[in-house]
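Each chain is listed here by its residues.
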Amino acid sequence: MERHNELSEFIWSIKEHIRDEYKEKDYEDVILPFTLLRRIDCVLEKTHEAVQATYLKYKDTASPDVLDRLLKQASGQNFYNISSYTLLGLVKDKDNMGDNFKAYLDGFSDNIKDILLNFSGGPEKGLSPIYETLYRKELLYIVTFEFTKLDLHPYDKVTNPTGISNHDMGTIFEILIRKSKESSNDKAGQYYTPREIVRLMVNLVFAHDTAELKKQGKIVSIYDPCCGTGGMLTTAKDYLLDSVNKDLTVYTFGQEMNEQTYAIAKSDILMKGEDAENIKHGNTISKDQLKGKTFNYMLTNPPFGDKWSNMEDFVKEEAELGFSGRFGAGLPDVNDGSFLFLQHMISKMNPQGSIIGIVFNGSPLFNGDAGSGWSGIREWIMADPNDYLDAIIALPKDLFYGTGIGTYIWILNNKKPANRKGKVQLINSIQPKFTKKIKSLGKKQYEVSDDGISLITAIYKAYKPYSIEVEEDGKKKKVEVSKIYEVEDFKYTKVIVDRPLRLAYEITDEKIEALKEHSKFKEFATSKKKDKTAAEADIKKGKAIQEKILKAVESFKGKAREMSDEKFFADFETALGARPNQGLIKMYRDTLGEKDEEAEVVFAKPYEVPKQNGAINTWKEKPLADTDLRDSENIPWKQDIDQYFETEVLPFAPDAWMDREKDKIGYEIPFTKYFYEYKPLRDLSLIMKDIEELEEQTETLLEEIKEEA
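Here we summarise the structure given alongside this text. In this text, all values refer to a predicted model and were calculated from it rather than measured experimentally.

Calculation notes
- Residues numbered from 1 in each chain as written.
- Predicted model: local features only at pLDDT ≥ 70, side-chain atom pairs only at ≥ 80, totals over all residues.
- Heavy atoms only, no water.
- Pairing = 2+ DSSP bridges.
- Helix = DSSP H or I, 4+ residues; strand = E, 2+ residues; numbered from the N terminus.
- Axes fitted to C-alpha atoms, helices over the stretch in contact; angles between N-to-C directions.
- Contact = heavy atoms within 4.5 Å.
- Parallel < 35°, antiparallel > 145°, perpendicular 65-115°, else oblique.
- Left-handed = near helix turned anticlockwise from the far one by under 90°.
- Nonpolar A, V, L, I, M, F, W, Y, C, P; charged D, E, K, R; others polar.
- Buried < 20%, exposed > 50% of the residue type's maximum accessible area, 1.4 Å probe, protein only.
- Arc of directions from axis to C-beta.
- Salt bridge = Lys/Arg side-chain N within 4 Å of Asp/Glu carboxyl O.

Topic: the sheet that holds strand E7 (residues 407–413)
Item 1. Across the sheet, which stays open at both edges, the ten strands sit in the order E3-E2-E1-E4-E5-E7-E6-E8-E12-E11 with mixed pairing between neighbours. Each having just a single partner strand, strand E3 (279–281) and strand E11 (466–472) make up the two edges of the open sheet. Averaged over neighbouring strand pairs, the angle between their axes works out to 15° when direction is ignored.
Item 2. In terms of strand pairing, strand E4 (residues 297–300) meets strand E5 (residues 355–360) through four bridges, oriented parallel. Its bridge partner being in E5, threonine 300 is matched across the sheet by isoleucine 358.
Item 3. Packed on one face of the sheet, helix H19 (residues 450–462) meets strand E6 (389–395), E7, strand E8 (423–428), E11 and strand E12 (475–486) and runs near 160° to E8.

Description of the packing of helix H3 (residues 48–58) against helix H4 (residues 64–75)
Relative placement of two packed helices is described by the angle separating their axes and the distance separating the axes.
Item 1. Packing of H3 against H4 brings their axes to within 8 Å, and their N-to-C directions diverge by 160°. Comparing their axes, H4 and H3 come out roughly antiparallel. H4 is crossed by H3, and the crossing has right-handed handedness. Taking contact as the criterion, the partners of Ala50, Val51, Thr54, Tyr55 and Tyr58 in H3 are, on H4, Leu67, Leu70, Leu71, Ala74 and Ser75.
Item 2. Its residues assigned to classes, the contact of H3 with H4 shows eight nonpolar, two polar and no charged.

Considerations on H3
Item 1. Residues His48, Val51, Gln52 and Thr54 constitute the buried set of H3. Buried residues of H3 fall within an arc of 165° about the axis and therefore sit on the same side. Turned more than 90 degrees away from the buried face of H3 sit Glu49, Leu56 and Lys57, all of them exposed.
Item 2. Against the buried residues of H3 lie helix H2 (28–44) and H4.

Side note on the pairing of E11
Item 1. Relative to E12, E11 runs antiparallel, the two sharing seven bridges. Residue pairing across strands places glutamate 472 opposite lysine 475, the latter belonging to E12.
Item 2. Between E11 and E12, which pair antiparallel and follow one another directly, the connecting turn spans two residues, one of which, aspartate 473, has a positive phi of 55°.

Topic: the pattern of salt bridges
Item 1. Under the counting rule described, the total for this entry stands at 46 salt bridges.
Item 2. Linking aspartate 247 and lysine 246 is a salt bridge whose minimum nitrogen-to-oxygen distance equals 3.5 Å. Of the two residues, aspartate 247 and lysine 246, neither departs from the other in class, the shared state being exposed.
Item 3. Notably, a salt bridge pairs aspartate 538 with lysine 529, separated by 3.5 Å at the nearest N-O pair.
Item 4. Taken together, the salt bridges that share partners define one network made up of Glu506, Lys511, Arg561, Glu594 and Asp596.

This is the structure in structure tokens:
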């Protein structure tokens, strides 16, 4: 890792030569393509003369397809450059840098040109934007010269053991991208997943398939829908070939939205001799470029909390297709597309067996209420018949370069072993035992240690409760870090708990004014009739009704506060000389009534109050509910709802009842709750002692300040 940083620091320092002519946000427009060019240059260096000789020999006689095959054979790669230039050769002719650089870029094979076009703005702009601004500002020579100092020749176990492997090169690119995004206040963490987290994910995803993967002739596919520079794909493939089975046939696939990171990923695949067409460009959610394909293993770190409002119409249209599309399980809030990526990956699970590793923040664990899209997706993932979720691993904070928040690795498997069916393992690896402190890089202050990766992997494979020994306040104690839960432990019933509306009546001038302003009261003195005479008659009649109502209401002024809704309306009927309908009863309650905990309960029809005894929750006909007092209880699925209500609700609200018609089923994973450790409060005497010591220190400091003054 030190060498990665050393090389990256040197490359990034080249920005000093363009600082006066480029804005910080544009440094990457120079640094990234030139780093790629230098890498390609180093890869092709040994066979450059052979390619030249082959080109000159066959350029006039061979067909384009045949010539392309011959040149690839000569270069020993799936790409080549037919120009007479290398970067080192270009700086030897300073006076002709512009023309020569153009010839150098034009000499690349089409597959390299396609990659470079992602740095220039596309085919319509051609390759000239890569160098023309530098040339115009008289910086092309110095930048090219600085990059020729860089040794990026490829690793070879025999001929160049100190060289740079493709994996190393990917890490260098990701560090450069992080530096670029940090310098421009962009989302640096979106483009780079720390390598140790990738290694941990890879370990977990392949943990149970080692024996199967060792079989002769085995072929596997790996996919990353947010592949960035291809780091996860590279790490996964290297792990399989180096640690599991060197004879495995491994195909990697990916899709990336950012043009530059896509270009780097594609070039990495090309340099490995693989099919670069397996790396696609575009937004995975709105334009799946690998539609219909399924994969054995999938790993990704999607953007945390990114909005998907810019593709909302498309996503909703696909969701309407149900499970013939990718989002049949439901939609999360438009502010966070995490579960869109996961549903997309699940749609690409191979029916013969697939395992997914994905990094999330905390939102997918518990966002959304029962009945929401979030909860529905969790249910679809965890419950029968799918039962995809295998494990969730909580990672410590401050592991990522762009954010300090806590993160979680989710492992999903559509072919769980029998002992894991219907269950989910939670691993809480936030303890210091799993990490080590490092020099701060952005917001990253820790990394998962090698021992931590091994221990987490072992805990996951063991699949049983596990505790570690930690030291706290000088004392050693056992802390649980692995727990096994049944899926139903995450299921709950959301029950609406109501309490009765209680109104008291005490007529004041303010309440009478409120009545006058009520829309229903004002309606009396209006008319919808078009005939003027008829309308005026209606209005006159309505005003008479208003006066009659006000007279009846004013007759209550000065009377004692009435605590019974039933009694008030009985008296009001007498004063008014008529019984108001239900619409008018609501108007009187809204304007004349006042909520009072001591008042009697209110029924919908004050003139037909049922006589009922016992607790309100046993009544056949319930009173009106006070919506301000309405609450809900999330009752664990395994718990008896009536018993819960009696022990957890009634002792605190004896007049409450449950509206079971509004029950909703929900799923959530309150991870921190499952690993919560109660820590008793400090003794009050110790707190007071600390306060007294602070006061003494403050007084001493004040005295010292006075003496100095």
